[in-house]
Structure formats: structure tokens, C-alpha cells
Amino acid sequence: MIRLRFAPSPTGHLHIGGLRTALFSWLYARHHQGAFIFRLEDTDRNRLVEEAETGLIRMLEWAGLDLDEGPGVGGDHGPYRQSERLERYHATAQQLVAQGDAYPCFCSPERLEQVKTAQRERGETPRYDQHCRHLDPADVQQQLDAGTPHVIRMKVPDIPETLVLDDLIRGKVAIETTQTEDQVLIKGDGFPTYHLAVVVDDHAMGITHVVRGEEWLPSFPKHLLLYRYLGWTPPQFAHLPLILNADRTKLSKRQGAVAVEDFEAAGYLPEALVNFVALLGWSPDDDQELFPLPELIERFDWSRVNKSGAVFDRDKLNWMNQQYLQQLEPDDLFARARPFLQQTRFADRPEEQLQRVVASVQNRLVTLQDLEAQLVPFFDERPPSTDPDVQAVLAPETAQQVLSAFIALLEPEPALDGARLGQLAKQVQKQTGIKGKDLWMPLRAAITQEVQGPDLHLLVDLFGKDKCLRLLQQAQH
């Protein structure tokens, strides 16, 4: 059975790169009717962030990526937090020591820094000098018995060799063992390093495919050596290209929002963000750009994933989000809009009014965070417009004729709504002979103070006679 996992560290929010890793893993698992597992790699206790686990799972759920196994979900391969699997890691490390493939290292942090400083001064790559690898066994046992602080290190083969990875995206990737050092497997605090824990867990959980960023490629010799020493068959690997800013630098929070929570708060729809992220590195065999999740599952495969970096184009994301917003049914749109409406100055307006207004501005929304700006023309009193386009519409004599005729007809009216607006406009047309754009544009510019904007009939319904009359008079020269 195909089994893939998403295994983040609980050090903060779910970032776009993490969402893509999770998404590609989930898509491949679902395409093959396999399992998608969430595992928490929480062995770096210094960087642990409280509540990060809850946030990571919530954002996966928000994105529509359901879990088959993991914390709170269950499964036969738990526990799913590495901090709860320490016995397994220690047993594996002791097995490696017993086999002669690992050894205790008693070097102090001060000695390690001295060694690396000397190596840098000689122009060498800083790395562990294998000092404890050659200690006398009796000395090693004596220090262990005395409780001397130590770590466990893996042995890199004495005879250099080339390790080859058959990557699902990059094909054959070769790295020399001389480029790696005797990696720490168990730290001084008793917790495993990522390199040991990830191999042990992936094997124990039956992971068949590992999806991760290309920045992990230099680490694969350490992992392949561990699989060899332990007699385990490694999973298949897919190393994803980097996600880049427009200037081709690596995407980072210094250049803007990169956490999924930020995009949720900014009013992006989960289906739009997931669609956009799916195209960061993967491309279909045609020009289609909008994909519902079921179609992504059906069409996803590794052969269409690029090796080169994928540029995060915010304009493209905005366009895509707007497309998804326009496709929503009115009730669905308002349900999604409600949390954003509650953050505006207009939250106390009658819900029926808000529903009508939100529906009327649907095609003008890029994100749901745009709602407040779009509601202003409906609910705010604004000073006369200084927009040159509005002034240009109101300047001609024909425009002023339309306004004067309409005002004269409106003043004796008991009320004004959208339906009556059309009837009065027809009377103005008969009186002045002005029709079409030359009739309606001055009315729109005067009442909405914009040349393109919300539905004029709906605005008139909301404004009523008095406000519309005041705006029309204000627009007269």
C-alpha cells in the first residue's frame, strides 16, 4: 500500500513550502488510494512552539487535506510525536553501536569549536575530526560507566564511495560520502537528531514515498547509509524545487506573508490557495489553470514536476482567488464573508442588507479582505468626489441637464427605490432626448461618486430618496 507522510517540526506556522510538500504527498496518496500520515518531528526542544501542533493540523484541514493517521486521528503506527518514541530511537542507536556502525563521542562543545576554527583557518570544510571514533574500547566503557556526557555518532565508511539516489523528480543523483561527516544520531539531551529519527520512523510506519524540499538532498547519504546499516529498504524520494520570490531569491517571510494562516486571514479561499500551490512546480500537460481537488488528484504525477525553482506570483494568486470567489453561490459567499464582515465598521448593519451588498460586489472582490472597501459606497457618507473621471462625466451640459431634470422629478416623490429609479430615468429621457450612456453615467457618477462601481439600483434601494437627492444636488455645478 502507498503510504506518504507530512512530518513538520512544531516550530511555528505552516508555511507555503510546507503546504506544498503536504499537498503533493496527499495528492499522490489519494491518486493511488494510499494513506496520508501526519507525524510531528518535535525532537528539537529548544525551538518547540506551544500550540504549533494544533495550528499545523488546523491549516491542513482548512486546505482540505484530510489525515488517515496522526495525533488525534489514530492508526496502527503511533505514537505520532517523535518525543513519544524515544525508546525506539535509543534501541536503534545501541544496535548500530553494537554492530560497529556508530560510536559514543565524548568531545565537549569547546573542543568541537576549536577543531572547526582550526579547520577554517586552514581553508578546510569544518567537520568532526573523528577523534572519539578511535578511542580504546576500555576507555570508552570507563567513560560510559562514569556517566561522562556524550552523543552517539554514525560512522561514515573509511573507504570513500559514491551513493546514488534514484529521485522521482531529478533522476539519478550522486553524492560522495566524503561530503558528509560522522553525523550525530543521539544528542546529549537524549533526543535523536532528525537524521536518525526520520529513518527509524519512516521504516516503522511503512512509508513508501518521501516528499521533501531539495535543500535536503545533501543529507541523503546519511540516510541511505543508515538504511544500509540497519538492513532496511529505503523509500522512494521526491525532492521538490525551491519556491522563489519574483527576484529569484528563496521565498522567505522577510519578503511578505509566507504562512498559510496569513493567507487565510487575508481572505484567500482555501481551494484557490491550494490550486495555486499545486502549480508551484507541477504543471498539467495542457493550459488549464483552475483545478478542483478531485481533478488534481486524478491528474497529479511526478513526471510533470519541474526540477527548477517555482516563482511565487502574487498577481497570479490574486487572479485565481478572484475566479474562485466569482464561482461561489450567494449563500456560500456570504457564509465565508461573515467573519470578515464582523471585522468591519459595518458589522451592525442588518444581515439582509449585508447579504444583498455582498452579492452585488462579488465580481469586484479579489480577496474577502476587500469587503470593507467595497462596502464604503453603500454605507458611508463621503465628501464630494475629486476623481477626475467622475468630474469628466459630470462636466458636459448634457450631464447637467440630466441631473436637473431628474432632481425636478424626484423632489415631489414620496420615496425612491431601484424600481422607481428606472421609471424616473425614462421620464428624463423623454423630456431631454438624452439616452443610453449619456443618461445613466451622470446618474451613476452623482449617486455612487464612481464611474464604475456597485449596482446603482441596489445603492438607490439602500440610500433612499433623501440621500440620493442630496448627492444629485451636490453634483450640480
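That block above? That's the structure.
Because the structure is predicted, anything quoted here is derived from the model rather than measured. (Residues numbered from 1 in each chain as written. Predicted model: local features only at pLDDT ≥ 70, side-chain atom pairs only at ≥ 80, totals over all residues. Heavy atoms only, no water.)

Here we look at the nonpolar core
Consideration 1: Core analysis: the biggest nonpolar cluster contains 107 residues, and Ile16 and Trp302 have the highest contact counts within it.
Consideration 2: Among the elements that line this core, the one with the most residues is helix 19 (residues 456-474), at 10 residues.
Consideration 3: Excluding residues that lie within four positions of it along the chain, tryptophan 302 makes contacts with Phe24, Tyr28, Leu168, Ile169, Val211, Ala238 and Leu240.
Consideration 4: Within the second largest apolar cluster, 34 residues are counted, among which are Leu96, Leu196, Leu226 and Trp232. (Core = buried A, V, L, I, M, F, W, Y, C linked by side-chain atoms within 4.5 Å. Buried < 20%, exposed > 50% of the residue type's maximum accessible area, 1.4 Å probe, protein only. Helix = DSSP H or I, 4+ residues; strand = E, 2+ residues; numbered from the N terminus. Contact = heavy atoms within 4.5 Å.)

Focus: the packing of helix 13 (residues 351-360) against helix 19
Consideration 1: The geometry of helix 13 relative to helix 19 is characterised by a closest axis approach of 10 Å and an angle of 155° between their N-to-C directions. Judged by the angle between their axes, helix 13 and helix 19 are roughly antiparallel. Crossing of helix 13 over helix 19 shows left-handed handedness. Facing Gln353, Arg356, Val357 and Ser360 of helix 13, the residues of helix 19 in contact are Leu458, Asp461 and Leu462.
Consideration 2: Considered class by class, the residues forming the contact of helix 13 with helix 19 number three nonpolar, two polar and two charged. (Axes fitted to C-alpha atoms, helices over the stretch in contact; angles between N-to-C directions. Parallel < 35°, antiparallel > 145°, perpendicular 65-115°, else oblique. Left-handed = near helix turned anticlockwise from the far one by under 90°. Nonpolar A, V, L, I, M, F, W, Y, C, P; charged D, E, K, R; others polar.)

Digging into the pairing of strand 8 (residues 209-213)
Consideration 1: Burial within strand 8 is extensive, with five of its five residues counted as buried.
Consideration 2: In this structure, strand 8 lies alongside strand 9 (residues 236-240), joined through five bridges in parallel fashion. Among the inter-strand pairings, histidine 209 is bridged to a residue of strand 9, identified as glutamine 236.
Consideration 3: Handedness of the crossover joining strand 8 and strand 9 through helix 7 (residues 220-230): right-handed. (Pairing = 2+ DSSP bridges. Right-handed = clockwise from strand over helix to strand, strands pointing away.)

A closer look at unusual backbone geometry
Consideration 1: The omega torsion of the bond from glycine 78 to proline 79 falls at 0°, within 30 degrees of zero and hence cis.
Consideration 2: Looking at the secondary structure, you find proline 79 in the loop between helix 2 (52-62) and helix 3 (86-99).
Consideration 3: Look at glutamine 33: it is not a glycine, yet its phi comes out positive at around 55°.
Consideration 4: In this structure, glutamine 33 sits in the loop between helix 1 (16-31) and strand 2 (35-38).

Re the pairing of strand 1 (residues 3-6)
Consideration 1: Side chains Arg3 and Arg5 project from strand 1 onto one buried face, and the interleaved Leu4 and Phe6 project onto a second face that is buried too.
Consideration 2: In this structure, strand 1 lies alongside strand 2, joined through four bridges in parallel fashion. In the strand pairing of strand 2, leucine 4 is matched with phenylalanine 36.
Consideration 3: A crossover links strand 1 with its parallel partner strand 2, the connecting element being helix 1, and its sense is right-handed.

Re the pattern of salt bridges
Consideration 1: The tally for this structure, following the rule as stated, stands at 36 salt bridges.
Consideration 2: Among the salt bridges present, the one from arginine 228 reaches glutamate 161, with a minimum N-O distance of 2.9 Å. Pair noted here: arginine 228 is in helix 7 and glutamate 161 is in the loop between strand 4 (151-154) and strand 5 (162-167), with a separation of 67 residues, a long-range link.
Consideration 3: A relative accessible area of 43% means that arginine 228 is categorised as partly exposed.
Consideration 4: In this structure glutamate 161 comes out as partly exposed when scored by relative accessible area, which is 25%.
Consideration 5: Residue arginine 345 is joined to glutamate 372 by a salt bridge in which the shortest nitrogen-to-oxygen separation is 3.1 Å. Pair noted here: arginine 345 is in the loop between helix 12 (330-341) and helix 13 and glutamate 372 is in helix 14 (residues 371-379), with a separation of 27 residues, a long-range link.
Consideration 6: A cluster of three or more residues bridged by salt bridges with shared partners is formed by Arg5, Arg39, Glu41, Arg85, Asp201 and Asp202. (Salt bridge = Lys/Arg side-chain N within 4 Å of Asp/Glu carboxyl O.)

Some points on the sheet that holds strand 7 (residues 184-186)
Consideration 1: The three strands are arranged 3-4-7 in an open sheet whose pairing can be described as antiparallel. For this open sheet the edge positions go to strand 3 (102-105) and strand 7, each flanked by a neighbour on one side alone. For this sheet the average axis-to-axis angle between neighbouring strands, irrespective of direction, equals 40°.
Consideration 2: Two strands pair when backbone bridges link them, and strand 3 and strand 4 are joined in this way by four bridges, in the antiparallel orientation. Looking at strand 4, one finds that tyrosine 103 is bridged to arginine 153.

Side note on the packing of aromatic side chains
Consideration 1: Counted according to the given criterion, the structure contains 12 aromatic pairs.
Consideration 2: Relative to tryptophan 302, the ring of tyrosine 28 has its centre 5.3 Å away and its plane inclined at 35°; by these criteria the two rings are tilted. Here tryptophan 302 lies in the loop between helix 10 (293-299) and strand 11 (310-311) and tyrosine 28 lies in helix 1, a separation of 274 residues in the sequence.
Consideration 3: The exposure class assigned to tyrosine 28 is buried, which follows from its relative accessible area of 12%.
Consideration 4: An aromatic cluster is built from Phe24, Tyr28, Trp282, Phe291, Phe300 and Trp302, whose rings are joined through pairwise contacts.
Consideration 5: Stacked on the ring of tyrosine 128, the Lys or Arg arginine 153 has its end atom at 3.8 Å from the ring centre.
Consideration 6: Directly above the aromatic system of phenylalanine 463 lies the positively charged group of lysine 467, at a separation of 3.8 Å from the ring centroid. (Phe/Tyr/Trp six-rings, centres within 6.5 Å; stacked < 30°, edge-to-face > 60°. Lys NZ or Arg CZ within 6 Å of the ring centre and 35° of its normal.)

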